[in-house]
Amino acid sequence: MSIHAANFHELRLERLGRQFGTHNALDDVSLTIRKGEFIALLGPSGCGKSTTLNCIAGLLVSTSGGIWLDDKRIDRLRPEERGFGMVFQNYALFPHMSVRKNIAFGLQMRRVPSAEIARRVEEAVALVRLNGQEDKLPGQLSGGQQQRVAIARAIVIEPPLVLMDEPLSNLDAKLRLEMRAEMRRIHNSLGATTIYVTHDQEEALSLADRIVVLRDGTIRQVGTPHELFAEPDHLDVADFMGFRNRVEGTLVSTEGGIAEIAVGEARLHGRLREQIRPGARAVVAIRPDDLIAVPAGADTLAASVISSEFRGRDHVGFAQGPGGRDLVFAAPRALAVGETVHLQAEPDRAVVFAGADA
Amino acid sequence: MIKDTSLTARLWSAAVWAFIVFFVVNLFAMIGSVVTSSFATRWLGTWLPAGWTTRWYGSAWAEFQLGEVLTVTFQAVFLVVLFSGLLGVPAAYALARRDFKGKRLLMLLFLLPLLIPPITFGIPLATVLYQTGFAGSLAGVVLANLVPTVPFVVLVMVPFIEQIDPKIEAAAQVFGANTSRLFLHVLLPLLLPGILAALLLVLVRTIAIFELTFLVAGPTSQTLVVALYYAVFAAGVRAVQSIDAMAVIYMVTTLIWLVIALRFVNPTQLVGRPREQAAH
Amino acid sequence: MTSLDTSLPRARNATAPVAPEAVPLRQRLKAQGYDGITLLALPAAGFLVLLFVYPFLYGLFLSFKPKAGGLLANYARFFSDPFLYETIGKTLWLAVPVTLLNAVLAVPVALRVRDIRYQRVLTTILVVPITLGTVLVAQGLLNYLGPQGWFNRVLMTAGIISSPVKLIHNYWGVFLSLLITGFPFAFLLTLSYVSGIDRNLERSAATLGAGGWERFRRILLPLILPGLAITFCLSFVQAFAVFPSAVLLGSPAGPTRVISIAAYQAAFEEYDYAMASAIAMVMGAVQLLVVGLVLGARGFLYRGSTAGGKG
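Worth saying up front: this structure is predicted, and the values here are computed from it rather than measured.

Caption draft 1: Main features of helix H3 (residues 99-109) of chain A. Burial runs high along H3(A): eight of the eleven residues are buried. Where H3(A) is concerned, the buried positions are Val99(A), Asn102(A), Ile103(A), Ala104(A), Phe105(A), Gly106(A), Leu107(A) and Met109(A). Packed against the buried residues of H3(A) are helix H4 (114-127) and helix H5 (143-155) of chain A together with helix H7 (166-174) and helix H8 (179-208) of chain B. Just downstream of H3(A), Arg111(A) is the residue with a positive phi angle, here 55°.

As structure tokens, then:
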């Protein structure tokens, strides 16, 4: 159990791969995580994010590549030899042990003296604000409380790395927001290096220092929430970052990084994210908030309203654009079904990628 | 259920209830007649016996050597319970936690001894046990009875283990438990209720399993059911009240364990629900 | 998918010579699901191979080595001697009607009982005859159904009959003992099937205009039938192997000379193990045939989830 006490600088995944039969769940994933970072692995289900986490935890054996903690190779160690803390999706609390015993489990396994166990458990309980619940069984706790026990159990051992596998996915919307703030608070107060798996981009954006977007077992992009949000490198990443509209057209010209795309008569502008030559097919990805209704003009995208929804402060409109594509846009007011709207994208906020047959 | 108050629906419901009541009344009357007879001085051609006595219990105890028979019964049952747990629980764990080639074949192997009635496989089994010299001894009785009880433990335990989230074991490992501590601190406490239930069910079933013991038991390795069978078979040699007293002793032995078992398990589990049902 | 690496030390040592550069063997096995945990199934599997599969195969082998005559002499004797081959018909004549009756009775009772408050009391009562077993039921019915027993007395007092009906030492004694142990068995199995059916299916059928009978015929029955087929098979196999009650309650030389009696007599009265094995094989074959027929027919039924939505 030498790792857990040791200080470390970075965790490296080197060309990590995992095959299930002939299926590549993880392919050539390389990533360096620095001490103290909060990293989110983001992607849809089946993208390899949980596989990555389980390989790091040692619950799955990688089939190629390696995992290094500084200069020590750890990917052949058994999970109990790695000394990490982990928060599981359904918490995986030991149902037959009290809150106190659940939290103390990792310390007991490390043969920490019982006086110190008591002290550290008490600290952890205070940190996750579970005072007074120590003697209850997990079954007697609410979802949010179970979540707190799971977090306390993971951090009490002071692990070099805390692994979290979609920890908020079983909570209702309100509690999820509350626990998100809670996690951020705990991370700020401890500074534990954390790898956090989620399929919820909002969660990743609000929690992580850096986000790793995975798709089909490979890394699509690594960056800070700001980078990913403003400048997705890939259509898949844009998809995840809320660019719900995809309009296909032909690249007309590029000027200062802003591309002009012809969609029939209409002209859309956006920042070019991939190398494409004029005349080639291109896709403009636009967030609903950045596709706005404007007065009719020759270069606007004309669309027929299908419905509009009240969102509280404003409205969101759904319309059928040229070529039958569905568009989601920010509407100034409630719109009538069948009404024609003229839409234009914010050039600075729309992004342009190579089209399907480019 | 949707309340249906039409006349036909009420008649139908009444008919179903009438059948249930008829069945239960006959069942109790059957048991009652055995109990009544065991306390009867003389009972011929009347509703109730001419007088009451407990002396048949003493004579049954002596005539049928029930002391020895009960000792053998409990020894056999204890060994069967112990070994079916030792063999069945690990196997159930493997089947619940792993997918491997040949798993379906293995499941079939564990299902067949429960589906095929004991007398069908009991005759070839007895033949083999006679040739290897096990038959006629306590060891033979235990071995024969383990054939259906090991699969029974497996089939009861597999769904029980499956409903324990494997992530709990993963969590124990991540937090530093090695195999032996994982077993001691996490698995054993979690599995214990299931093991207890499965073994109690085995116990109740084993006391009552007749055919296998009957086929392989010798004069010194008879269990209570087998002794009862021989007594009934040779009716006329002993007073019927004496046989009934023995039957009551047998019933009490079985039902005590049934009552204990039912504190922990559902009655339906005694018939060993088929696997696809347990998956619900 | 979660997979734990808790291989036993034994498994790890076994691959030690191949390590360190060639990790694969252990991993290749593990990819197929073979590791230390899988080995835990071996003792139980080995035990059953030794005491279930082997005796069965040995019995099969033995049945082709008759005391006298050629390879098939035992089977030839079985199918030419009416005293032997008639046992098949006699056993079927008992087992099939009683199993059908048990299964048919189990359905309405299970449906009626599935949501009463004291369901557990009833299931507990019904589990008693199963627990007590066939020998005790036989002794009990000898008392209860006998000419001086309470059953005949009640019927005579009620004026339904004038002289005692003969219910023991004949076909009916065995039939009734199979009913008293077989019905609870079929009922408990059916109840667990019926409890698995989502109530909302019936409720939605009712809102669509289906009456009680329509709901049963179009919704419940199709969902119960596959389970009922399994129940029938399990009950039939038990009934076909009837032994102690056929001896004690029936007339074991006459109409209730069932096939297990023939097998028992061959083994333990004539000491002809080869013949006994042959009869046991015939018994197994008939059971397999009936089960195969029923399960084959079951193939045509709906066998998916009985829950209403996803799940």
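Caption draft 2: Quick look at the side chain of Asn152(C). Residue and element names in this part refer to chain C. Residue position: Asn152 is located in helix H8 (residues 150-157). Classification of Asn152 as buried rests on a relative accessible area of 0%. Sequence-distant contacts of Asn152, defined by excluding residues within four places in its chain, comprise Leu145, Gly146, Pro147, Ile161, Pro164 and Val165.

Caption draft 3: Broad picture of the sheet that holds strand E6 (residues 85-87) of chain A. Residues and elements named next belong to chain A. Pairing is mixed in the open sheet, where six strands are placed in the order E6-E7-E8-E3-E9-E10. Two strands lie at the open edges of the sheet, namely E6 and strand E10 (218-223), each paired on one side alone. Going from strand to strand, the sheet's axes swing by 20° on average, the running direction of each strand aside. As judged from the five bridges shared by strand E3 (residues 38-42) and strand E8 (residues 193-198), these two strands associate in the parallel manner. By the bridge assignment for E8, Leu42 is matched with Thr198. On top of the sheet, H5 reaches E6 and strand E7 (161-165); it is set at about 170° to E6, its chief contact.

Caption draft 4: Spatial organisation of the sheet that holds strand E5 (residues 72-73) of chain A. All names here are of chain A. Spatial ordering of the open sheet is given by E2-E1-E4-E5, a layout of four strands whose pairing is antiparallel. Both edges of this open sheet fall to strand E2 (23-34) and E5, since each of them pairs with a single strand only. Taken strand by strand, helix H1 (residues 49-57) contacts strand E1 (10-20), E2 and strand E4 (64-69), and its axis lies near 115° from that of E1.

Caption draft 5: Focus on a nonpolar patch on the surface. Residues and elements named next belong to chain B. There is a patch of nonpolar side chains on the surface, built from Leu196, Val252, Ile256, Ile260 and Phe264 and spanning about 430 Å² of accessible area. Looking at the element boundaries, Ile260 is found in helix H11 (residues 240-262). You can call Ile260 partly exposed: its relative accessible area is 31%.

Caption draft 6: Spotlight on unusual backbone geometry. Residue and element names in this part refer to chain A. If you check the backbone angles, Asp28 has positive phi at about 55° while not being a glycine. Positionally, Asp28 belongs in strand E2. Overall, the relative accessible area of 40% leaves Asp28 in the partly exposed class. The backbone of Arg129 shows a phi angle near 60°, a positive value even though the residue is not glycine. Among the secondary structure elements, Arg129 is positioned in the loop between H4 and H5.

Caption draft 7: Looking closely at helix H11 (residues 212-240) of chain C. Helix length check: H11(C) (29 residues) gives 35 Å between terminal C-alpha atoms against 42 Å at 1.5 Å per residue, more than 12% under. Helix geometry: H11(C) is bent most strongly at Leu221(C), by close to 50°, with proline Pro222(C) lying one to four residues after it.

Caption draft 8: Local environment of the domain arrangement of chain B. Residue and element names in this part refer to chain B. The assigned domain composition of chain B is domain 1 (7-53) and domain 2 (62-279). Contacts between the two partners involve nine residues from domain 1 and, on the opposite side, seven residues from domain 2. Considering only the side of domain 1, the residues that lose the most area to domain 2 are Val34, Ser37 and Ser38, jointly responsible for 66% of the buried surface there. Along the contact surface separating domain 1 from domain 2 lie zero salt bridges. Put simply, domain 1 and domain 2 have two residue pairs in polar contact (both at pLDDT 80 or more) between them. The residue makeup of the side of domain 1 that touches domain 2, split by class, is five nonpolar, three polar and one charged.

Caption draft 9: Quick look at the packing of aromatic side chains. All names here are of chain B. Counted according to the given criterion, the structure contains 34 aromatic pairs over all chains. Plain terms: the ring middles of Tyr229 and Tyr230 are 5.7 Å apart, the flat faces sit at 70° to each other, and that makes the pair edge-to-face. The exposure class of Tyr229 is buried, given its relative accessible area of 4%. Tyr230 gets classed as partly exposed once you look at its relative accessible area, which sits at 34%.

Caption draft 10: Structural detail: the interface of chain A and chain B. Across the contact, 25 residues belong to chain A and 18 residues belong to chain B. A buried area of about 1,900 Å², summed over both sides, lies between chain A and chain B, and 66% of it is on carbon and sulfur atoms. On the chain A side of the interface with chain B, the three residues burying the most area are Glu80(A), His96(A) and Met109(A), jointly 29% of the side's total. Connecting chain A to chain B are zero salt bridges.

Caption draft 11: Structural context of the interface of chain B and chain C. Across the contact, 104 residues belong to chain B and 103 residues belong to chain C. Put simply, chain B and chain C have 13 residue pairs in polar contact (both at pLDDT 80 or more) between them. Ranked by residues supplied to the side of chain B that touches chain C, first place goes to helix H1 (residues 7-38) of chain B with 20 residues.

Caption draft 12: Expanded view of the environment of Ala118(A). Residues and elements named next belong to chain A. Assignment of secondary structure puts Ala118 in helix H4. With a relative accessible area of 45%, Ala118 lands in the partly exposed category. Separated by eleven residues in sequence, Ala118 and Leu107 have C-alpha atoms that sit 9.8 Å apart.

Caption draft 13: Main features of the pattern of salt bridges. Residue and element names in this part refer to chain A. One pass over the structure, following the stated rule, counts 41 salt bridges over all chains. One salt bridge connects Glu37 with Arg210, and the closest N-O pair in it is separated by 2.6 Å. Taken together, the residues Glu37 in the loop between E2 and E3 and Arg210 in strand E9 (residues 210-215) connect sequence positions 173 residues apart. The residues Glu37 and Arg210 share a single accessibility class, namely buried. Note that Arg184 and Asp209 form a salt bridge whose closest N and O atoms lie 3.7 Å from each other. Residue Arg184 is located in helix H6 (residues 173-190), and its partner Asp209 is located in the loop between helix H7 (201-207) and E9; the two are separated by 25 residues in the primary sequence. What you see here is one network of salt bridges that share partners, running through Glu116, Arg119, Arg120, Glu123 and Glu158.

Rules used throughout
Per chain, residues are indexed from 1 in the order of the written sequence. Here the convention is simple: chains get letters from A, ligands get numbers from 1, in the order in which they are written. Residue-level local features of this predicted model are given only where pLDDT is at least 70; pairs of side-chain atoms are given and counted only at 80 or more, and the full residue set underlies all totals for whole chains, interfaces and linings. Side-chain calculation: all heavy atoms of the structure are included, whereas hydrogens and water are not. Burial classification: accessible surface area is computed with a 1.4 Å probe over protein chains only, and a residue below 20% of its type maximum counts as buried, one above 50% as exposed, and the rest as partly exposed. Helix and strand definitions here come from DSSP, where helices need a minimum of 4 consecutive H or I residues and strands a minimum of 2 consecutive E residues; each element is numbered from the N-terminal end. For this analysis, residues touch if any pair of their heavy atoms sits within 4.5 Å. Pairs of strands are assigned from DSSP output, requiring at least two bridges between the strands. Note on geometry: axes are C-alpha line fits, over the in-contact stretch for helices, and angles between N-to-C directions span 0 to 180 degrees. Two distance rules govern patches: like charges are joined within 9 Å, and nonpolar side chains (Val, Leu, Ile, Met, Phe, Trp, Tyr) within 5 Å, applied only to residues with over 30% relative accessible area and no salt bridge. Using a 1.4 Å probe, accessible areas were evaluated by the Shrake-Rupley method; residue-level cover was limited to the displayed protein chains. Think of a salt bridge as a Lys or Arg side-chain nitrogen and an Asp or Glu carboxyl oxygen that are within 4 Å of each other. What a helix is expected to span follows from its residue count: subtract one and scale by 1.5 Å. Consider a residue and the seven residues that end there alongside the seven that start there; fitting an axis to each set, the bend is the angle between those axes. Domain delimitation follows an automatic or database domain assignment. Buried area: the accessible area, evaluated with a 1.4 Å probe, that two parts lose upon being put together, summed over both parts. Here a polar contact is taken to be a pair of N or O atoms separated by no more than 3.5 Å, where protein atoms must pair a possible hydrogen donor with a possible acceptor and residues adjacent in sequence count only if both atoms sit in side chains. Just so you know the grouping, Ala, Val, Leu, Ile, Met, Phe, Trp, Tyr, Cys and Pro go in nonpolar, Asp, Glu, Lys and Arg go in charged, and all remaining residues, Gly too, go in polar. Centre distance within 6.5 Å is the pairing criterion for rings of Phe, Tyr and Trp, where only the six-membered ring of Trp is used; planes under 30 degrees apart are then read as stacked, over 60 as edge-to-face, and the remainder as tilted.

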